[in-house]
Amino acid sequence: MQKILNDFPPDQKELIHVLHRVQAEFGYIPAEAVDAIARHLKISQGEIYGVMTFYKAFSLKPRGEHVVTICMGTACHVRGAPRILDEFSRELGVAPGETSPDNRFTLETVNCVGACALGPIAIVDGDYHGQVKTNQIESLVRSIQSPGKEPADK
Amino acid sequence: MKKLNPARLEALRSEIVSSRDPKRPCITICGGTGCHAYGCLKIADAFKQQLKQRGLHRKIDVRITGCHGFCERGPIVVIQPEGIFYQRIRMDNVADVIDKTVVNGEILPDLVYRDPETGKSVTKEADVPFYSLQKRVIFANNGYLDPTEIRDYIALGGYRAASKALLEMRPEAVIEEIKASGLRGRGGGGFPTGRKWEICRDVPGDAKYLICNADEGDPGAYMDRSLLEGNPHSVIEGLVIGAFAIGAREAYIYVRMEYPLAVKNVTVALDQTRELGLLGTNILDSGMDFDIHVFKGAGAFVSGEETSLMASIEGRRAFPRQRPPFPAESGLWGRPTNINNVETWANVPLIIDKGAGWYSRIGTRGSKGTKIFSLVGKINNTGLVEVPMGISLREIIFDIGGGIKDGKKFKAVQTGGPSGGCIPAEHLDSPIDFDTLNKAGSIMGSGGMIVMDEDNCMVDVARYFLKFTQEESCGKCVPCRVGTRQMVDILTRITQGEGKPGDIEELEELAETVRQGSLCGLGQTSPNPVLTTLRYFRKEYEDHILRQSCPAKACKDLIVYFIDEDKCIGCGLCSKNCPVGAVSGERKKAHVIDQAACIKCGACLDVCPPKVGAISRYTGRKRKSILKQAEAKRVSK
């Protein structure tokens, strides 16, 4: 943690940059990190929690091993994204925005990834799956559950 | 590398141009985010590898370029110098493209664009109707340059405008030129850019900031990202010219975190610019010092609002604040700040290079130049289109966009994102500029254009946008925080069939309160999607409320899926694909949907073969009678 902080001058304007780094490093912002950041930037922990909870980029809890992100942009919405989200949520047994109790899956939504031609889009661990249909989701989810097997229709 | 001055810049340009053989074949691969998602990097690697295997890698170039804009047809490959346009390239096409087209000049008929209407093949990129009907000025070079290679930009005339401004013009003259061009802000507001610069220049103070707003948050809009990813130097050059005109020493490019490739390409471009002395101290030997930082956003729609954006750069929550004072007087850290959107900055070098006279000949009386729109939704040719202001919606949607997907009927086009509105068919012929869109109840916004067909429910769309603004409301002021929530609640009830008489009037009243009482643009404009859909599609609201009917058959709670016994051939596809086992029936006999178990995911309808067409959705009275019958059957069993 100290190593990360050493890269930043002690100034409030660095806060969002620091949080990005910590989030990238740990996958979330641990409580101890908040304490260290507060002391380094000479601002209150309350200020940091305020910023952390304001922006979607930062998470207070660790995210799952696999992250499924569903684009909820307008183009995806008019092409049926809500149905896709429902189906992923049902197949994974995880509500949108939540992580499964065994920490294996996180299901998230995003406002738009700007790949509208491919809508509706599901991003599974960084891989884009375009023009997803509800009946493909089961095999997609299975391919995450048992890695090594590529989904039938990517 | 020796720092450039104007003479050295020109020398470098001629050196690059003369070192390049214009006849040398080059396989260009679109590297926009759409094509990335389709896997263009793997295809580029395959080209490189196979050229090497054939010993051709020193004779034929491979270049990953900026976005070509025709995302529908990605991954896109264009073979230069002939400009042969190949679309939807797969890994197994790579060998043929090299052996047949690049080496032998043979055209591969399966890969060229075929006009869906006439069936005619189109070989050259420039002849594809999607491109030939556009006027690509800002996007002109995207397909020719590697965004991570400053030499490509310089070869195409890059930084000539900056050199002209910094060494041959006075700052006031630059501002006059921008004013004369008629350029208006492309972020949505449409404020005259030159005037904005002048105000900031006139405010005393020597520490001034520039900001490039690349927090493109409107869902369904991605032209700014494409510019930053595909031609970052055009934006950087715009900032350099702006800094000279306004007298700024530092700038921030605030990029949405959802755009990692844009962050990367801009960062690379800035490093190269600094190395050549086009940023930093004594730029081009002009005595001007100026530098640009990249700020990666953290995921908050409201940070696209200028005062929120500045709060975010300062390391705080992105809360908007009261204006005045405007950023020009008191912006970032209380200093005079000029903030423009990506596309606006990219216009600047063109105006300085080619002159305000050239620029102002494009467009309409009140809206000059071109505008990039992201044409998405239920449209055949999804992609980014750059057109002169004043073109009609019909030309964009039907001539360039190729009309509506699957032969469906056009219903509305949504412009301006969550702050905009839905424009119906009767306004298709009105020319697009800042003023006519306002008159139709919508706004130009940053340029998102979401096309909707008969299957899209306008109440659902209004609910979608309100839900969006409600979730993105920062919570600072009550009308926005509470008002949008109340509106979402009413709209949700309506889409669930629980609307009551008086809901529409209450929505209108709330809309007025939120519009008048909110502090920033996010709140003030948030009722627009509701107001425009009420204005043009009021009957759809009434159908939902009075008849529990969703004419578009989109609202889950107001529809049933039903199998027509006479049409069903008992193929079993629906029962196999139903995720909850709600479809049953013997093979080769008509199947039945258990209405109580159905979750209305639509999987059965998706797989029912079109020529059988046994499954339909029903709403309103028909839905009620189907549910009644199903219930009666269940009881009698």
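Scroll up to find the structure.
Notes on the structure follow. (Residues numbered from 1 in each chain as written. Chains lettered and ligands numbered in written order. Predicted model: local features only at pLDDT ≥ 70, side-chain atom pairs only at ≥ 80, totals over all residues. Heavy atoms only, no water.)

1. A short note on the overall build of chain A
So, step 1. When helices and strands are counted, chain A shows 7 helices and 4 strands.
So, step 2. Start at the N end of chain A and walk to the C end: the helices and strands fall as α-α-α-α-β-α-α-β-β-β-α.
So, step 3. Dimensions along the principal axes, computed over C-alpha positions, put chain A at roughly 55 × 30 × 25 Å.
So, step 4. Expressed as a percentage of its 154 residues, the buried residues of chain A come to 54%.
So, step 5. A sequence separation of at least 24 residues applies to 58% of the contacts in chain A between residues at least 6 apart.
So, step 6. Total accessible area on chain A stands at roughly 6,900 Å², and carbon and sulfur atoms take up 48% of it. (Helix = DSSP H or I, 4+ residues; strand = E, 2+ residues; numbered from the N terminus. Buried < 20%, exposed > 50% of the residue type's maximum accessible area, 1.4 Å probe, protein only. Contact = heavy atoms within 4.5 Å. Areas by Shrake-Rupley, 256 points an atom, 1.4 Å probe, with all protein chains shown as cover.)

2. Looking at unusual backbone geometry
Residue and element names in this part refer to chain B.
So, step 1. Residue proline 324 is reached from arginine 323 by a cis peptide bond, and omega for that bond is -10 degrees.
So, step 2. Locating proline 324 in the fold gives a position in the loop between α13 (306-313) and β11 (337-341).
So, step 3. Cis geometry marks the peptide bond from proline 324 to proline 325, where omega comes out at 0 degrees.
So, step 4. Among the secondary structure elements, proline 325 is positioned in the loop between α13 and β11.
So, step 5. Despite not being glycine, aspartate 406 has its phi angle at roughly 55 degrees, a positive value.

3. Points about the environment of B:Gly182
So, step 1. Within the secondary structure, B:Gly182 is located in the loop between α8 (171-181) and α9 (193-202).
So, step 2. Sequence-wise, B:Gly182 and B:Lys368 are 186 residues apart; in three dimensions their C-alpha atoms are separated by 5.6 Å.

4. Here we look at the pairing of strand β17 (residues 559-563) of chain B
Residue and element names in this part refer to chain B.
So, step 1. Counting buried positions along β17 gives 4 out of 5 residues, so the element sits mostly inside the fold.
So, step 2. Summarising the sheet, β17 and strand β20 (residues 615-619) pair through 5 bridges and their orientation is antiparallel. Considered in β20, the bridge of valine 560 is made with tyrosine 618. (Pairing = 2+ DSSP bridges.)

Purely geometric stuff here, so don't read any function into it on its own.
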